[in-house]
Amino acid sequence: MPMSTSLPCTQCDAPCAAVCAPHSASAHPATAPRALLHLAAGGPHPLLNWCTRCGCCEGICPYDVPVTALLRSPMDPRKYARLLAHWQQTDPWHSPTVVWAGCETHGVGVDGDKLRAALQAHHAKGVVVAAAMRCGGPGTPLDGQFSDLIAHTHAAVRTVVVPTGACRGALSERLEDAGLRGRYVAVADQWLARFGVSLPASASRFSCCTLRRDARESDPASTAIWPPFATCCGAGEPLRSADPATADATARALLARWQAANISEVHVEDALCAGHLRQAAAAAGCSIEIVTRLEAFSEGIVIALEPAD
């Protein structure tokens, strides 16, 4: 359904455009947050996929416009059917903690066997490593059938560890819809910190967009360089699937800013962002090293990116 046109955007000088990294990379005036909201007022439009849901625009909006919520569209029926089928085949977990070895919705995967071995070596008790799952993506209302599946598979689970901030947002919504409010969803990078996993002290930190929004904090690795606000790397959906070239250009722009600031090593929290930035750096011949806590936790674990669902 088209959104309301009574937004304050027409009275604003649009600081959101200055912090929208994909908009800057696309060089297309219609991809600015304000322009996308006007497009959304008329119903579905292909350009509405030129967004990573990073939320930088919301953080700087003087009117607190919920941009990402207004740009969301219903899940494609075919994707929803695959999501339901996936969870119908998932046996209930009988463990207090479940760690996902990737997410098929976002095309992220890690070696589950190596992750299990690393957890065993660190004497992790009550932890099960699940195969790559499907989170469905955040912000999509799902029906009672899916809520029942989520409730059934998580009956004994208290903590779910996921690879990306988008997975965290999606699964938190699903668990709440299922009435499982006592469950906690953690991003793997932060959860692994409890094992004393250290990273190079010289590495700058690039935090997950979702976690930055939760904490309402800027990112020092990005804020030291214009624009003065948290910056997206372009890895998020739906942009990554809708326009891979713009997603790659967004990553290259961020890498160039880090190079200009003499940053040579960056700790990236989100597994999808880490893989995306690493691929962009390799393609551009950029020497910036991307490190993750997951890979430091067990040498040999490599984040793999596949086409997102």
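Here the structure is a predicted model, which is why all the values come from computation and not from measurement. In this convention, every chain numbers its residues from 1, walking through the sequence in written order. Totals for whole chains, interfaces and linings use every residue, but because this is a predicted model, local features are given only for residues with pLDDT of at least 70 and side-chain atom pairs only at 80 or more, for both listing and counting. To obtain the side-chain values, all non-hydrogen atoms of the structure were included, while hydrogens and water were left out.

Colleague: Please explain the overall build of the chain as it appears in this structure.
Modeller: Secondary structure is summarised from DSSP: a helix means a run of H or I of at least four residues, a strand means a run of E of at least two, and numbering begins at the N terminus for each. Counting secondary structure elements, the chain contains 16 helices and 10 strands. Over its C-alpha trace the chain gives a radius of gyration of 19 Å, about what one expects of a compact globule, namely 19 Å for 309 residues. Considered along the principal axes of its C-alpha atoms, the chain spans approximately 55 × 50 × 30 Å. Taken across its 309 residues, the chain has 54% of its residues classed as buried. Whether two residues are in contact is decided by their heavy atoms, any of which lying within 4.5 Å being enough. Long-range contacts, defined here as pairs at least 24 residues apart, represent 75% of the contacts in the chain between residues at least 6 apart. Here the Shrake-Rupley method, with its probe set to 1.4 Å, supplies the accessible areas, and only the displayed protein chains count as covering residues. Of the roughly 14,000 Å² that the chain leaves accessible, carbon and sulfur atoms contribute 53%. The charge count includes Lys and Arg as positive and Asp and Glu as negative, but it does not include His or the ends of the chains. A charged residue contributes its charge at one atom only: NZ of Lys, CZ of Arg, CG of Asp or CD of Glu. Put simply, the chain has 25 plus and 28 minus side-chain charges, and the middle of one group is 2 Å from the middle of the other. Our radius of gyration is a C-alpha quantity, and the globule rule it is checked against amounts to 2.2 Å times the number of residues to the power 0.38. To sort residues, take the accessible area from a 1.4 Å probe on protein chains only and compare it with the maximum for the residue type: under 20% means buried, over 50% means exposed, and anything in between is partly exposed.

Colleague: Help me out: how do you make sense of the environment of Pro15 in this one?
Modeller: One can find Pro15 in helix H1 (residues 15-19). Considered as a pair, Pro15 and Arg293 are 278 residues apart in the sequence and their alpha carbons are 34 Å apart. Sequence-distant contacts of Pro15, that is, excluding residues within four places in its chain, are made with Ile60 and Pro62.

Colleague: Help me understand the packing of helix H6 (residues 77-88) against helix H8 (residues 144-153), please; the structure alone is not making it clear to me.
Modeller: Each pair of packed helices gets described by two things: the angle between the helix axes and the distance between those axes. Axis definition: a line fitted to C-alpha atoms, limited for helices to the stretch in contact. Angles are taken between N-to-C directions and run from 0 to 180 degrees. The N-to-C vectors of H6 and H8 enclose an angle of 25°; their axes lie 10 Å apart at closest approach. As judged from the angle between their axes, H6 and H8 are roughly parallel. Crossing handedness for the pair H6 and H8: left-handed. Contacts between H6 and H8 involve Tyr80, Leu83, Leu84, Trp87 and Gln88 from the first element and Gln145, Phe146, Leu149, Ile150 and Thr153 from the second. We call Asp, Glu, Lys and Arg charged. Ala, Val, Leu, Ile, Met, Phe, Trp, Tyr, Cys and Pro are nonpolar, and the rest, Gly among them, are polar. Residues of the contact of H6 with H8, tallied by class, amount to 7 nonpolar, 3 polar and no charged. Our angle categories are set so that under 35 degrees counts as roughly parallel, over 145 as roughly antiparallel, 65 to 115 as roughly perpendicular, and the remainder as oblique. By definition, any crossing whose near helix is turned counterclockwise from its far helix by less than a right angle is left-handed, and any crossing with a clockwise turn is right-handed.

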